[in-house]
Each structure stands twice: as C-alpha cells, then as structure tokens.
Amino acid sequence: MQELTDGGEEQVRIYAQLQPNANVVFRGEDIAAGAPIAAAGTVLTPAHIGVLAGQGIPDAEVFRPLTVGVLATGSELLEAGEAWAPGKIYDANGIQNAARLRQLGFAVERTHCSDDPEEIAARMQELLTRCDAVITSGGVSVGQKDYLPTVLEMLHAEPVFAGVAQKPGSPMIAAQVGEKLVFCLSGNPFAAAATLEQYAVPALLRAAGRREEDCIPVHTRGRLTTGFSKPSKGTRFLRARALGGLVEIPGEGNAEAHSSGSLSAMMGCNCLVELPAGSGPVAPGEEVEVLNFVQ
Ligand SMILES: Nc1nc2c(c(=O)[nH]1)N[C@H]1C(S)=C(S)[C@@H](COP(=O)(O)OP(=O)(O)OC[C@H]3O[C@@H](n4cnc5c(N)ncnc54)[C@H](O)[C@@H]3O)O[C@H]1N2
Ligand code: MOO
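Residue numbers here run from 1 along each chain, matching the order of that chain's written sequence. Labels are handed out in written order, letters beginning with A for the chains and numbers beginning with 1 for the ligands. Local features in a predicted model are, by the rule used here, given only for residues with pLDDT of at least 70; side-chain atom pairs are given and counted only at 80 or more, and totals for whole chains, interfaces and linings are based on all residues. Computation of side-chain values: all heavy atoms of the structure, hydrogens and water removed.

> Would you mind going over the environment of L104 with me for this structure?
Each helix is a run of H or I in the DSSP string that is no shorter than four residues. Each strand is a run of E no shorter than two, and both are numbered from the N terminus. Turning to its location among the elements, L104 is positioned in the loop between α2 (93-103) and β4 (107-113). L104 sits 191 residues away from Q295 along the chain, and the two C-alpha atoms are 7.3 Å apart. Between two residues, a contact is recorded if the distance between any of their heavy atoms is within 4.5 Å. Excluding residues that lie within four positions of it along the chain, L104 makes contacts with V201, L205, R210, V294 and Q295.

> Please explain the nonpolar core as it appears in this structure.
One recurring pattern in soluble globular proteins is that nonpolar side chains are buried together. Among the nonpolar cores identified, the biggest contains 24 residues, and L101, F106 and I135 are the most heavily contacted of them. Listed by contribution, the elements that provide at least two residues to this core are β1 (67-73), α2, β5 (133-137), β8 (180-185) and α5 (189-207). Among all residues touching L101, those that are not within four sequence positions of it are V68, V70, F106, V108, I135 and L204. Membership of the second largest hydrophobic core comes to 20 residues, among which are C113, L127, V140 and L152. The nonpolar core is taken to be a set of buried Ala, Val, Leu, Ile, Met, Phe, Trp, Tyr and Cys residues, with the residues joined through side-chain atoms within 4.5 Å. Here the term buried applies to any residue with accessible area under 20% of the maximum for its type, exposed to any over 50%, and partly exposed to those in between, with areas from a 1.4 Å probe on protein chains only.

> Would you take a moment to explain the packing of α2 against α5 for this structure?
Angles here are taken between N-to-C directions and fall from 0 to 180 degrees, while the axes themselves are lines fitted to C-alpha atoms, restricted in helices to the stretch in contact. Viewed as axis vectors pointing N to C, α2 and α5 meet at an angle of 30°, and their least axial separation amounts to 11 Å. As the angle between them shows, α2 and α5 are arranged roughly parallel. The interaxial crossing formed by α2 with α5 has right-handed handedness. Together, N93, Q96, N97, R100 and L101 of α2 and P189, A192, A193, L196, E197 and L204 of α5 make up the contact between the two elements. Looking at the contact of α2 with α5 residue by residue, the classes come out as six nonpolar, three polar and two charged. Angles below 35 degrees are treated as roughly parallel, those above 145 as roughly antiparallel, those between 65 and 115 as roughly perpendicular, and all remaining angles as oblique. Two helices crossing with the near one rotated counterclockwise from the far one by less than a right angle form a left-handed crossing, whereas a clockwise rotation gives a right-handed crossing. Polar here means any residue other than Ala, Val, Leu, Ile, Met, Phe, Trp, Tyr, Cys and Pro, which are nonpolar, and Asp, Glu, Lys and Arg, which are charged; Gly is therefore polar.

> Help me understand the pairing of β5 in this model?
On a regular strand, each side chain points to the face opposite its neighbour's, so the side chains alternate between the two faces of the sheet. With five of five residues buried, β5 lies mostly within the body of the structure. Of the two faces of β5, the one lined by A133, I135 and S137 and the one lined by V134 and T136 are each fully buried. Sheet analysis places β1 next to β5, joined by five bridges and oriented parallel. Bridged to L71 within β5 is T136. In terms of strand pairing, β5 meets β8 through five bridges, oriented parallel. Across the sheet, T136 pairs through a bridge with C184, a residue of β8. A pair of strands counts as paired when DSSP detects no fewer than two bridges linking them.

> Before we go on, may I ask you to explain α2 in this structure?
Since one α-helical turn is 3.6 residues long, residues separated by three or four positions face the same way. Where α2 is concerned, the buried positions are N93, G94, N97, A98, R100 and L101. Around the axis of α2, the buried residues are gathered within 165° of arc, so they sit on the same side. Directly after α2, the chain includes G105, whose backbone phi takes a positive value near 100°. In this description, the arc belongs to the directions extending from the helix axis to the C-beta atoms.

Okay, structure coming up:
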C-alpha cells in the first residue's frame, strides 16, 4: 500500500514487509462456483439481488405474487375522504390490512360493503374469483347484524377454525372456499391488526411460497421498560415495541390505549407481548414473551 512507503517515485522506501497474496481478491472468494446463492422459498432481499447480479445472473425463478382480497364489512363505514355523517366511521381496517399485505409483497384488491348478507356474499364471491385469498373484517360476532358466519355457509365454506382463545380478536373465523383461504377478522381495529399478524399473515406467506420458518412471528423474551395495569383472565396480546432485548408497551398508565377499538398506540409497534391467562398487571423490569412481526 502506498501509505506504507515514503512515496518515492524513482526510488521507494517500503516500511512494511510484503505478505504473499496480501490485498488480492481471488476468483470464487465471495461465492464458489456451483455454490447455491439462496434456497427455495428465500425472500429475495436487495443483498440477494446484488449477489445474483454480481454473478452475472440476470433473472431468477420466483413464485407468482398472490393477490389478496380485502373486504371491510359494516354499514357504518365510510372511505377516508368522504364527508362524515352521524353514525358513520371511516374504514381503518381495510386500508391498514391492505397496507400490511402490500408491505409483505402481496397484491391487494380492496373494497368495503354494508352489513347485508347478500351483498357481503356477492362481494366475497367476486373477490374469490379474482384473488387467491380473502380477508374480511367486522360482522363475525354474535350480534344481530354479524352475518359473516351466515355468508360463509351461503358460500359452502369449509371451516378451518372458528374462535381463538385470546383477547383481542377472539371471534375470528378461518375457512376455505374451494381451494382458497378466507380469514374473517373481528371489526375492532386492533383485534383485526393483531389476528392478521398472528393467523392470516403466516398462512398467506406460506401459500405464497416462503420457507415455513420465515412465515411465523419469531418468539423472543424481553424486559419491560413500561407496564400494563390490568390483570388478564384469558391469554392477552398487547401491541409493543421491542429493541435490543427491551420492550416498551406504549401508552403507559392508560390501559384504554390498548382497547381493541383503539388503533393509535399501534403506530411504531413491531411486536405483540403475550400475557398468559391468569397473569396480574405487569411492571417495568419483568420479562415477557414477545412475538415479533414477520418482516
Ligand atoms: N355477546 C357477545 N358479543 C360480543 C362478543 C362475545 O363474545 N359475545 N365478543 C366481542 C368481541 S371480543 C369482539 S372482537 C367483537 C367482534 O365483533 P365483530 O367482528 O362483529 O365487529 P363489528 O361489530 O362489526 O365491529 C366492532 C367495532 O369495530 C368497528 N369497525 C368495524 N369495522 C371497522 C373498520 N373497517 N374500520 C374501523 N372500525 C371498524 C365497528 O364500528 C365497531 O365499533 O364482538 C364483541 N361482541
Ligand atoms: O376480541 Mo375483541 O377484539 O377482545 O374486542
């Protein structure tokens, strides 16, 4: 290296002993000839694409991106931008679920409809003809206008499971219409977001061709920097931010920030904290189970 000389042009004094092959990059040093670059089912990151291009490989065989139909149900729903009227709320679930699915590489067709079983069935049928799977929100519980169970029967859906023993999102339903998966999530916005991560995202990513271990939220343990004041009779999932082994539950001192109907505390969160059935309040310094959102 010229920094290890006196810089002489005609005669040069070299200050360091040369080592054979020092500072030489050998052919095949980065990737040996014939070595696999990525196993089947690997998500191609910019680094994978860079390595492929560096080997002169212009294209790679990939799975077809799946299209997911996102249907928000509820006669109270308005599209953001529409004029508000009494009794109405803006559709947050549809847009949030669609954005999350797009972030994971899915194509999305999004729409919303009223609490009318014929209309829900028609919209779901349309989405099923064009999409590989459908995610709905709202109308899954036992209220008079909760028609999703009826609609699934109308479409001769095969149940996969109905109900999950947790808060939030307990009344969700997973079913198959023909070969296609349908997830009917609760209308409460945080319940929809949490169960999308826990149940729909892993199944859809697996169907899209990802390796199984890359489809499931990774479980880690973390130490709380903030607490949660309510006891948990059943299994409870809280939205949280995990970084470097520390976990912050947002909205400290305000358990209502964690109600299924509140969404804003979800901003900036990257995981769910699992509080087992029968837990009391949790305090800073305690260790908790963390489910990291799939990247
Ligand atoms: N008798 C019982 N009632 C309820 C039970 C139960 O076990 N027994 N479970 C409760 C739980 S837990 C949940 S979760 C909800 C789920 O109900 P639905 O899925 O039928 O949800 P909706 O009533 O349609 O909506 C709930 C809430 O969320 C609002 N919402 C709906 N869609 C959207 C959207 N796209 N964007 C924003 N907000 C939305 C809706 O207006 C309601 O306020 O059932 C309980 N009941
Ligand atoms: O499951 Mo519900 O989301 O607890 O309100």
